[in-house]
Amino acid sequence: MSRDGETMTTIIQADQTEIDIRDGSWRLYPTVPEVLSRIPVFKATRGSGVIEYEAEFGEAHGLPGTVLSVDFVQAVVLGYDSKTHRWLLGFHLARRAEDKPRWLELVSWPPGANTVHAAAAQQAARELAEYVGCPLKIFGAKKLAQTPAPGQARSGATGPLGPHTREDIDPQRVKLFAQSVTLPLQYPGIWLGAGRSDITLRVARDQKTGKRGEEAPAFVQCTIDLERRMIRLQPPTGLLTGFFGSRRGRELRTNQVRNVELRHTITREHTAKPEGRNLATEITHLHYTWGVYLTLADESLLLMQTSHNTSSDLLRKRASVGDKFAVDSKAGIEYLRQHQEDQAAYEQAETIARAVGIIIANALGVHLVKTQVDDATLS
């Protein structure tokens, strides 16, 4: 999934139905033998403000006509029915938030153990909640299976360990991009500047990153000496480091660097907020990181990284265009303010990492390799 909520084409098989997620739409197709046409019986398109369906589908599910406003959708609901041993996906519908909602089932999966179709069901539910722009509620499952986090580079490995997308930018284009970057670059905890014959990157130590178990730069300064064609990497200094000598600086020849990698990683953490007996609302916390790496023959060295965090609450509100988020309403104005701040912070974190990658790749005369690892593709 991208920042704007778009996804690559995703096909999810359910019981006599197929869920097709692509081009900003979540579509439902019947797969029974007697249905030969490839026309969706149900469709939710991001930002449309409505859900669309075939007349027969609407009649069978007690829905009016062929279109329903998303304002009637109080929640997307996913759960495991212990009686039928099926995963079920549908809506809670109500005219007003204070009304008791009615259950509308959209999709079910074949009978099986709780874990058999859990990953497919939760992926379909999370996508639908984002496209419709409403909360995701869970019943019958105390804890959903977590999506594995994408692999990080280890010593002795280069590049992302999991599935990823990749774009190579040749040195000529890197040089062109570098002309539009003004030095010095400054960002909280990061400084990049140029001397007469060197490029220097300084980063502050992030104590929180190490405690979270995430990858963090091992060096606080990287100096590229253009005359000597050497790279000097300086570790953090301090009383314990100096006494035990646990971290040492490194020197590399510039020709040891195969390329500079700009890695964009998207990870998700799903938490459930209990709401009464056997029901919870799921909140997805999205963590974006951009890291700049030196790619050597047998390892990747992380030089710096930026990050941005947001949650599904803000992203799902963006999908709705109903009256409750109209620009002239109090809620709408507050949402736009939050969205603008969130977007600005995201773009700033992305822009500074990209600029650092471009400047360093240009100084070394190597390719800039842009990679993206999204844990939504790792299932």
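Residues numbered from 1 in each chain as written. Predicted model: local features only at pLDDT ≥ 70, side-chain atom pairs only at ≥ 80, totals over all residues. Heavy atoms only, no water.

A.B. asks: Explanation requested: the overall build of the protein in the structure shown.
C.D. replies: Counting its secondary structure elements, the protein contains 7 helices and 21 strands. Relative to its full complement of 379 residues, the protein shows a buried share of 46%. Within the protein, counting contacts between residues at least 6 apart in sequence, those at least 24 apart form 57% of the total. Carbon and sulfur atoms form 50% of the exposed surface of the protein, whose accessible area is close to 19,700 Å². (Helix = DSSP H or I, 4+ residues; strand = E, 2+ residues; numbered from the N terminus. Buried < 20%, exposed > 50% of the residue type's maximum accessible area, 1.4 Å probe, protein only. Contact = heavy atoms within 4.5 Å. Areas by Shrake-Rupley, 256 points an atom, 1.4 Å probe, with all protein chains shown as cover.)

A.B. asks: What is the right way to look at the sheet that holds strand 15 (residues 221-225) in this model?
C.D. replies: Strand pairing in a sheet relies on backbone hydrogen bonds. The paired strands run either parallel or antiparallel. Strand order in this open sheet of 6 strands is 12-13-14-15-16-17, and the pairing throughout is antiparallel. If you trace the sheet from one side to the other, it starts and ends with strand 12 (185-187) and strand 17 (250-253), each paired once. Neighbour-to-neighbour, the strand axes of the sheet open up by a mean angle of 10°, direction not taken into account. Two strands pair when backbone bridges link them, and strand 14 (residues 198-203) and strand 15 are joined in this way by 5 bridges, in the antiparallel orientation. Note that in strand 15 the partner of Asp198 across the bridge is Asp225. (Pairing = 2+ DSSP bridges. Axes fitted to C-alpha atoms, helices over the stretch in contact; angles between N-to-C directions.)

A.B. asks: Just checking my understanding: could you explain the sheet that holds strand 2 (residues 17-22) for this structure?
C.D. replies: The strand order 1-2-3-4-5-6 describes an open sheet built from 6 strands, whose pairing is antiparallel. Two strands in the sheet have a free side with no partner beyond their single neighbour: strand 1 (10-13) and strand 6 (67-69). Looking at each pair of strands side by side, their axes are set apart by 15° on average, direction ignored. Taken together, the 4 bridges between strand 3 (residues 25-30) and strand 4 (residues 42-45) define a ladder with antiparallel strand orientation. Bridge assignment links Arg27 to a residue of strand 4, and that residue is Lys43.

A.B. asks: Would you mind going over unusual backbone geometry with me for this structure?
C.D. replies: Leaving glycine aside, a negative phi is the common case for residues, and trans is the common case for peptide bonds. Pro184 follows Leu183 through a cis peptide bond whose omega is 0°. Along the chain, Pro184 falls in the loop between helix 3 (171-178) and strand 12. Within the chain, His85 stands out as a residue other than glycine whose phi angle is a positive 60°. Here His85 is to be found in the loop between strand 7 (73-81) and strand 8 (86-93). Look at His85 and you get partly exposed, because its relative accessible area is 43%. Even without being glycine, Arg229 reaches a positive phi, approximately 55°. Along the polypeptide, Arg229 turns up in the loop between strand 15 and strand 16 (230-234). The class for Arg229 is exposed, based on a relative accessible area of 58%.

A.B. asks: Looking at this structure, how should I read helix 2 (residues 118-132)?
C.D. replies: Each α-helix winds once per 3.6 residues, and so residues spaced three or four apart point in a common direction. Look at helix 2: 21 Å from first C-alpha to last across 15 residues, which is about the 21 Å you get at 1.5 Å a residue. With 12 of 15 residues buried, helix 2 is to be regarded as a mostly interior element. Every buried residue belonging to helix 2 is among Ala118, Ala121, Gln122, Ala124, Ala125, Arg126, Glu127, Leu128, Ala129, Glu130, Tyr131 and Val132, and all of these are buried. Just beyond helix 2, the residue with positive phi is Gly133, at close to 85°. (Expected span 1.5 Å × (residues − 1).)

A.B. asks: Looking at this structure, I do not really get the pattern of salt bridges. What am I missing?
C.D. replies: Two side chains bearing opposite charge may form a pair once their charged atoms approach each other closely. One pass over the structure, following the stated rule, counts 14 salt bridges. One salt bridge in this structure joins Asp15 and Arg86, with 2.7 Å as the shortest N-O distance. Separated by 71 residues along the polypeptide, Asp15 in the loop between strand 1 and strand 2 and Arg86 in strand 8 bring together distant segments of the chain. Classification of Arg86 as partly exposed rests on a relative accessible area of 22%. (Salt bridge = Lys/Arg side-chain N within 4 Å of Asp/Glu carboxyl O.)

A.B. asks: How should the confidence of the model for the protein be read in this particular structure?
C.D. replies: Low pLDDT marks stretches whose predicted atomic positions should not be read closely. Here the protein averages 83 in pLDDT, while 79% of its residues score no lower than 70. Between residues 239-246, whose pLDDT stays under 50, and residues either more than four places distant or in other chains, the model counts 4 contacts. Of the regions scoring below 50 in pLDDT, residues 318-325 engages in 28 contacts with residues more than four places distant in sequence or in other chains. (pLDDT = per-residue confidence, 0-100.)

A.B. asks: Please clarify how the packing of aromatic side chains should be interpreted in this entry.
C.D. replies: For any pair of aromatic rings, geometry is given as the distance between the ring centres together with the angle between the planes. Taken as a whole, this structure holds 9 aromatic pairs when the rule is applied. Judged by centre distance (6.0 Å) and plane angle (50°), the rings of Phe42 and Phe57 are tilted. Here Phe42, found in strand 4, pairs with Phe57, found in helix 1 (residues 55-60); they are 15 residues apart in sequence, far enough to count as distant. A relative accessible area of 1% places Phe42 in the buried class. Note on Phe57: relative accessible area 11%, which makes it buried. (Phe/Tyr/Trp six-rings, centres within 6.5 Å; stacked < 30°, edge-to-face > 60°.)

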